[in-house]
Amino acid sequence: MDFSMVVSEDRIKRAYKDGEFENLPGYGKPLNLEDLSAVPENLRMAYKMLKNAGFSPEEQRLRQEVMSIEDLIRTCENPEEKSRLNQELSAKLLKYNKIMSSRGARTNSSLFKNYERKIEKKLL
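All of the points below concern the structure found in this document. Quantities reported herein were computed from a predicted structural model and do not represent experimental measurements.

The rules behind each value
- Residues numbered from 1 in each chain as written.
- Predicted model: local features only at pLDDT ≥ 70, side-chain atom pairs only at ≥ 80, totals over all residues.
- Heavy atoms only, no water.
- Core = buried A, V, L, I, M, F, W, Y, C linked by side-chain atoms within 4.5 Å.
- Buried < 20%, exposed > 50% of the residue type's maximum accessible area, 1.4 Å probe, protein only.
- Helix = DSSP H or I, 4+ residues; strand = E, 2+ residues; numbered from the N terminus.
- Salt bridge = Lys/Arg side-chain N within 4 Å of Asp/Glu carboxyl O.
- Patch = residues over 30% accessible without salt bridge, like charges linked within 9 Å, V, L, I, M, F, W, Y side chains within 5 Å.
- Areas by Shrake-Rupley, 256 points an atom, 1.4 Å probe, with all protein chains shown as cover.
- 1 Å grid on protein atoms, 1.4 Å probe; cavity = no way out; pocket = protein on both sides within 12 Å on 5 of 7 lines; lining within 4 Å.
- Points joined across faces, edges and corners; volume = space filled by probe spheres on them.
- Nonpolar A, V, L, I, M, F, W, Y, C, P; charged D, E, K, R; others polar.

### Some remarks on the nonpolar core
Stage number 1. Core analysis: the biggest nonpolar cluster contains 7 residues, these being Val66, Ile69, Ile73, Cys76, Leu85, Leu89 and Leu93.
Stage number 2. For this core, the secondary-structure elements that each account for two or more residues are helix H3 (57-75) and helix H4 (79-103).

### Quick look at the pattern of salt bridges
Stage number 1. Applying the stated criterion to the full structure yields 6 salt bridges.
Stage number 2. Note that arginine 84 is salt-bridged to glutamate 81, the shortest N-O span being 2.6 Å. Placement of both arginine 84 and glutamate 81 in helix H4 is noted, with a separation of 3 residues, approximately one turn of the helix.
Stage number 3. For arginine 84, the salt bridge goes to glutamate 88, with nearest N and O atoms at 3.0 Å. Residue arginine 84 and its partner glutamate 88 are located together in helix H4, separated by 4 residues, close to a single helical turn.
Stage number 4. Through salt bridges with shared partners, a single ionic network connects Arg61, Glu65 and Lys92.

### What about a nonpolar patch on the surface?
Stage number 1. A contiguous nonpolar patch, built from Tyr16, Leu24 and Tyr27 and spanning about 350 Å² of accessible area, is present on the exposed surface.
Stage number 2. Tracing the chain through its elements places tyrosine 27 in the loop between helix H1 (3-17) and helix H2 (44-52).

### With respect to the layout of surface pockets
Stage number 1. Taken as a whole, the largest pocket spans an internal volume of roughly 230 Å³.
Stage number 2. As for the largest pocket, its lining consists of 13 residues, and the residues nearest its centre are Tyr47, Leu50, Ser56, Pro57 and Gln60.
Stage number 3. Those elements that place two or more of their residues in the lining of the largest pocket are H2 and H3.
Stage number 4. No other element matches H2, which puts 4 residues into the lining of the largest pocket.
Stage number 5. Within the lining of the largest pocket, the residues separate by chemical class into 9 nonpolar, 2 polar and 2 charged.

This is how it looks when you write it as structure tokens:
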């Protein structure tokens, strides 16, 4: 150990003995560590940055599903299937907008407010 490590360790031990760490928030509680074992090691930093910026995996999954459904609608020729896909798209967009509004993010929710009310009236 070099000199700075010895001094640092000594100061930390002294502060601990003096009780300077006892009034910290979360003192005596277990740490809430994230399990990132499913994320490849070279992507963990990017994943953490996106998560800290407010992007969630569920949000990303919904966005991908919306884009896939939109592609299917463009290529669909069967009117019944197209109707079913439009309903599925509406449900995904409502779910996505709820996630975004719960985060306080700005969305194009003005386009969906009336539509959402109409759907909720039909469901009730």
